[in-house]
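Structural overview for review
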Amino acid sequence: MFAPIMAAGQYGIVKDLPPYEIPFNAWTDASNVLFRRGYAHRAVGYGEIHTPAVPPYFVDVVLTPSQTYYLLAGMAKAYAWHRNSDAEITRASGDYTGTERDAWVGSLFNGVYVLTNGVDAPQVWNPVGLGTALVDLPNWPSGYTARVIKPFKNFLVALGVTKPGLDDPRYILWSNAADPGIVPDSWDVADATKLAGDVSLSGGSDRLVDIVPLAGYGVVYGELSSWLMQYVGYPDVFWFRKLFATAGAINVGCAQPFHQRHFVVTMDDVIVHNGGEPQSVIDKALRGWFFSNLNTGALGAIRVLRFDYLHEMWILFPYGNTTVCNMALVWNWMENTWAVRDLPNVGGGFGLSLTVDSGATWDDWASTAWDALTDAWGTPSLARSRVAQVVLWSGQNSAVYQTDDSKLAAGEVMDCWLEKRDLDIAVGQDGSVSHDNTSVKLVRGIWPMIDAPAGTKFTIQLAGYDFPGGFTAYSTSGDFVVGTSPKLDLTARGRYLAIKISQQGSEDWTLFGYVLDMTPLGALQ
């Protein structure tokens, strides 16, 4: 009898429920495999695209009307990168004094780039260009520092502010309103002719870590709570109300806007909200696994990047005892699937999607070889002259990486695999499949349904056992070579089955599903 298990990417990875309670086509584990359109796909690789002059601890892309620049900040110095040219743009007064723990936070405001690390005076890059050095943010109060400065409407908003006599993690400072193309002319909260102001949010003690716009409002995230910030004009300027009493953001950069919603990594969940009741998108899938494997001593390393081109959110996090991000959880918001992929010890990243006719030129992509683009000429992405990838940076490796630049992992073979344990499938007389944990099954072969170049080799392992959670090791394995044979003869016996499909190489592939050749042997005595 044949047991088909199709739509191999419908559910992605589900680790938090007992394996025998999840659908047959949900995977109990996987690595470097993504789930889209109902199928399982090999994750794209990444390659080093730039070796900066200093180890990068912050990288961002800055788009001007005519050019594309990258800003790379180390702990002591900052550089600009454009068309394979580097230029130091460190402030004239000397090196910065932050450490690896003093994370840079930057954003574009009115065409001016603003950057801060919480220990030095905030910096401004204006005008953006290789010949422009960073300078202290004009009109910023003397002796003040801020961990976060971000734009909201025509204002700059500062969190994590330190100043003489202030030790308040709930303090918010905002600037006067600014016209396009210039920085605010005042942060003086005592000047009644300006809109600059400040407030300390009551009703909590958790540290404020981020502010992210949402449908005309600003959401101020604390570590354990969230507040709504609304512009109301003079004299109060902003009005605040508590949004969530028990849900905040675990770190700056851990709340990403998308489609009039926010995706947020909290202290104990991953949620989506539109200003209303938050909904968990990871519960009963990877919530327990993620928070039990996260290095709680390195929460400051966690970041979230949004990759619009593939409808993905990447949670970059330190797995195990590492202090940098060596792994990512990938959530596809169109498919509602979760995947896990390895990372090369990165500090952060961002999703990037550019069209040539919107201001970027082919020269901006001189570091991207034609062979690195995986789409054929004339496909929708190239027909729109669109280049999309994820950019990652690593201070530890002193490198900048780019996905889709290579089918390897920085030149090395990437290990891609999927695993399903405690499979208790049975086949009825009409060919339908159902859960059955009473009868013993004998598997005699497997038909993998894989689209890959001829000659691509997969290793398939199989095991049978009689009790849930009783897997110890795979008892048989074989190599399935695409284009050689449609079937792999493997034998296993038990009430429960385990199967693992692995591939090491540079070939692209898609797994649609697989069919088991199996025979029921009766109930276990």
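Refer to the structure printed above.
One structure accompanies this document, and this report is about it. Here the structure is a predicted model, which is why all the values come from computation and not from measurement.

The next point concerns the sheet that holds strand E38 (residues 476-481). The antiparallel open sheet is built from five strands, whose spatial order is E2-E33-E40-E37-E38. The sheet is open, and its two edges are formed by strand E2 (29-31) and E38, each paired on a single side. Between one strand axis and the next, the sheet turns through 15° on average, direction left out of account. Sheet topology places E2 next to strand E33 (residues 414-423); three bridges connect them, and they run antiparallel. Residue pairing across strands places Ser31 opposite Trp417, the latter belonging to E33.

As enumerated under the stated definition, the model contains zero disulfides in all. Take Cys254: it sits in no disulfide, and the sulfur closest to it among the cysteines is that of Cys325, at 8.8 Å. Overall, the relative accessible area of 0% leaves Cys254 in the buried class.

In this section: the sheet that holds strand E21 (residues 237-244). Read from one edge to the other, the open sheet built from four strands follows the order E18-E19-E20-E21, with strand pairing classed as antiparallel. Whereas interior strands pair on both sides, the edge strands pair on one side only; in this sheet they are strand E18 (208-214) and E21. With direction set aside, neighbouring strand axes in the sheet form an average angle of 25°. Here E18 pairs with strand E19 (residues 217-222) via six bridges, running antiparallel. Residue pairing across strands places Val212 opposite Val219, the latter belonging to E19.

For the bond from Asn126 to Pro127, the omega torsion is 0°, close enough to zero to count as cis. Here Tyr234 and Pro235 are connected by a cis peptide whose omega angle stands at 10°. Within the fold, Pro235 resides in the loop between strand E20 (226-233) and E21. Phi is positive for Arg37, which is not a glycine, with a value near 55°. If you trace the backbone, Arg37 turns up in the loop between strand E3 (33-36) and strand E4 (39-42). Positive phi is not limited to glycine here, since Lys284 has a value of about 65°.

Our next topic: the nonpolar core. Counting residues in hydrophobic clusters, the biggest one holds 82 residues, and the most contacted among them are Phe263, Phe290, Ile315, Leu329, Trp338 and Leu516. Sorting elements by how many residues they give to this core places strand E28 (residues 325-332) first, with six residues. In this structure, Val62, Tyr69, Leu72 and Leu115 belong to the second largest nonpolar core, which totals 26 residues.

All right, on to the side chain of Thr456 then. Counting through the fold element by element, Thr456 comes out in the loop between strand E36 (439-451) and strand E37 (457-465). Engagement of the side chain of Thr456 in a polar contact is seen with the backbone oxygen of Pro453, the distance being 2.7 Å.

A separate point is the pairing of strand E6 (residues 58-63). In terms of burial, E6 is a largely internal element, five of the six residues being buried. Connecting E6 to the antiparallel partner strand E7 (residues 68-73) that follows it, the hairpin turn spans four residues.

Quick look at the packing of aromatic side chains now. Applying the stated criterion to the full structure yields 31 aromatic pairs. By the ring-pair criterion, three or more aromatic residues cluster together here, those being Phe152, Phe155, Trp174, Tyr231, Phe238 and Phe240.

Pairing analysis gives five bridges linking strand E1 (residues 2-6) to strand E41 (residues 510-523), with the strands arranged antiparallel. The residue of E41 that forms the bridge with Met6 is Gly513. Direction of pairing for E4 relative to E41: antiparallel, over a ladder of two bridges. Counted as the bridge partner of Ala40 is Leu511 from E41.

Time to look at the environment of Thr322. For Thr322, the location among the structural elements is in the loop between strand E27 (312-317) and E28. Among the residues examined, Thr322 registers a relative accessible area of 25% and is labelled partly exposed. Sequence separation of Thr322 and Ala298 is 24 residues, and the distance between their C-alpha atoms is 8.0 Å. Residues contacting Thr322, with those up to four places away along its chain left out, are Asn295 and Ala298. Within the local environment of Thr322, its side chain forms a polar contact with the backbone oxygen of Tyr319, the two atoms lying 3.0 Å apart.

Another point: the side chain of Asn295. Mapping Asn295 onto the fold places it in the loop between helix H1 (287-293) and strand E26 (303-307). Within the local environment of Asn295, its side chain forms a polar contact with the backbone nitrogen of Gly297, the two atoms lying 3.0 Å apart. In this structure, Asn295 is in contact with Pro318, Gly320, Asn321, Thr322 and Thr323, ignoring residues within four places of it in sequence.

Definitions and limits used
- Residues numbered from 1 in each chain as written.
- Predicted model: local features only at pLDDT ≥ 70, side-chain atom pairs only at ≥ 80, totals over all residues.
- Heavy atoms only, no water.
- Pairing = 2+ DSSP bridges.
- Helix = DSSP H or I, 4+ residues; strand = E, 2+ residues; numbered from the N terminus.
- Axes fitted to C-alpha atoms, helices over the stretch in contact; angles between N-to-C directions.
- Disulfide = S-S within 2.5 Å.
- Buried < 20%, exposed > 50% of the residue type's maximum accessible area, 1.4 Å probe, protein only.
- Core = buried A, V, L, I, M, F, W, Y, C linked by side-chain atoms within 4.5 Å.
- Polar contact = N/O pair within 3.5 Å; in protein donor to acceptor, adjacent residues only side chain to side chain.
- Phe/Tyr/Trp six-rings, centres within 6.5 Å; stacked < 30°, edge-to-face > 60°.
- Contact = heavy atoms within 4.5 Å.

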